[in-house]
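A structural walkthrough
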Amino acid sequence: FALHVHAQDGTRGLELMSNITFAGSVPLIKHGHGRMNVFARSTNLTGAVELRGGLTLLSDQNGGGYWPAATQVMVRGIASRSATDAGGNSFTWAEFQMIAVSNGVNNQLNDQATVTLTRSTMYYNGRRNNSAAAISSESIRKVVLEPQGFFNLMNAGNGGTYPGTL
């Protein structure tokens, strides 16, 4: 299943609210420079997820933002049509953001997931809290940083003794 999200900039795109979910074993491919905000809990999505270009936000806001069965997530920058570098190709960056808005958000991705970042950045924004039971926790089997792949860990919330964990 390919989902094309085209926009002139990263402020326009698509929001998938909690009543819309993905399911099945075929790959989910988001392609284009536009933004895709996912607030849906897609517990039956077992196919690979490939995010080509633009920004994809996976958030538990409104009770969703989970891909707990997908074991492969690829985030890739895509060739730009408007510019070239000395090698003849220029790439636009891709961003994947996982944000825990609520307390105690765990397992947004499968514990056995491999996340591959190519010309892209992944932000994991865990939830910190004063209660250890309320922090967010995420396990990922492997993160592959291919050419120009970046991984950024942050903690959300208004402070607290216990940080979110990855």
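Residues numbered from 1 in each chain as written. Predicted model: local features only at pLDDT ≥ 70, side-chain atom pairs only at ≥ 80, totals over all residues. Heavy atoms only, no water.

1. Some details on unusual backbone geometry
- A positive phi angle is found at Arg-119, which is not glycine, with a value near 50 degrees.
- Position of Arg-119 relative to the elements: it lies in the loop between β13 (114-118) and β14 (120-127).
- By relative accessible area, which is 25% here, Arg-119 ends up partly exposed.
- With phi around 60 degrees, Gln-148 is a residue other than glycine that occupies positive phi space.
- With respect to the element layout, Gln-148 can be found in the loop between β15 (142-145) and β16 (149-156). (Helix = DSSP H or I, 4+ residues; strand = E, 2+ residues; numbered from the N terminus. Buried < 20%, exposed > 50% of the residue type's maximum accessible area, 1.4 Å probe, protein only.)

2. Section: the packing of aromatic side chains
- Applying the stated criterion across every chain yields a total of 2 aromatic pairs.
- Plain terms: the ring middles of Trp-67 and Phe-96 are 6.0 Å apart, the flat faces sit at 5 degrees to each other, and that makes the pair stacked. Of this pair, Trp-67 sits in the loop between β8 (54-59) and β9 (72-76) while Phe-96 is found in strand β12 (residues 94-99), placing the two residues 29 residues apart along the sequence. As far as burial versus exposure is concerned, Trp-67 and Phe-96 are alike and both buried. (Phe/Tyr/Trp six-rings, centres within 6.5 Å; stacked < 30°, edge-to-face > 60°.)

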